[in-house]
Amino acid sequence: DLYRHYREAVRGEALRLQILAAEMGAALELHTFPSVVKEGLAMAGFPMGPCRKPVGKMPDDARRTLAALLEKLRSDGMLPAQAEPRP
């Protein structure tokens, strides 16, 4: 969508999506990559289990930041309100 809006000169929407993409990229620096990805998936309804040692759990402040970003994705319709349970 970002690229399409940019190519179609819908600059406002392209900018909004670019900012969101930058926020998502920055979220990967909240903690170790595996812990951020697994925690984000769990928050989205796709629990992947804990990370193996030596990777630890995300700090609470980082979890809150990630949760706020995921809520923003939900409110923008880019993440389902409730994921289907895994088999």
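Use the structure listed above.
Figured I'd write up the structure that's included with this text.

Calculation criteria
- Residues numbered from 1 in each chain as written.
- Predicted model: local features only at pLDDT ≥ 70, side-chain atom pairs only at ≥ 80, totals over all residues.
- Heavy atoms only, no water.
- Core = buried A, V, L, I, M, F, W, Y, C linked by side-chain atoms within 4.5 Å.
- Buried < 20%, exposed > 50% of the residue type's maximum accessible area, 1.4 Å probe, protein only.
- Helix = DSSP H or I, 4+ residues; strand = E, 2+ residues; numbered from the N terminus.
- Phe/Tyr/Trp six-rings, centres within 6.5 Å; stacked < 30°, edge-to-face > 60°.
- Lys NZ or Arg CZ within 6 Å of the ring centre and 35° of its normal.
- Salt bridge = Lys/Arg side-chain N within 4 Å of Asp/Glu carboxyl O.

**Notes on the nonpolar core**
Counting 11 residues, the largest nonpolar core consists of Leu-20, Ala-27, Val-36, Ala-44, Met-58, Ala-62, Leu-66, Leu-69, Leu-70, Leu-73 and Leu-79. If you list the elements that add at least two residues to this core, you get helix 2 (11-27) and helix 4 (60-75). It is helix 4 that provides the largest number of residues to this core, a total of 5 residues.

**Digging into the packing of aromatic side chains**
Enumeration over the complete set of coordinates arrives at 0 aromatic pairs. Over the ring of Tyr-6 we find Arg-11; its NZ or CZ atom is 4.6 Å from the centre of that ring.

**Some points on the pattern of salt bridges**
Inspection of the entire model under this criterion finds 7 salt bridges. Across the pair Arg-4 and Glu-8 runs a salt bridge whose closest N-O atoms are separated by 3.7 Å. By relative accessible area, which is 39% here, Arg-4 ends up partly exposed. A relative accessible area of 48% means that Glu-8 is categorised as partly exposed. A salt bridge links Lys-72 to Glu-23; the nearest nitrogen and oxygen atoms lie 2.9 Å apart. A residue pair is termed long-range when its members are at least 10 positions apart, and Lys-72 in helix 4 and Glu-23 in helix 2 qualify at 49 residues. Judged by relative accessible area, which is 34%, Lys-72 ranks as partly exposed.

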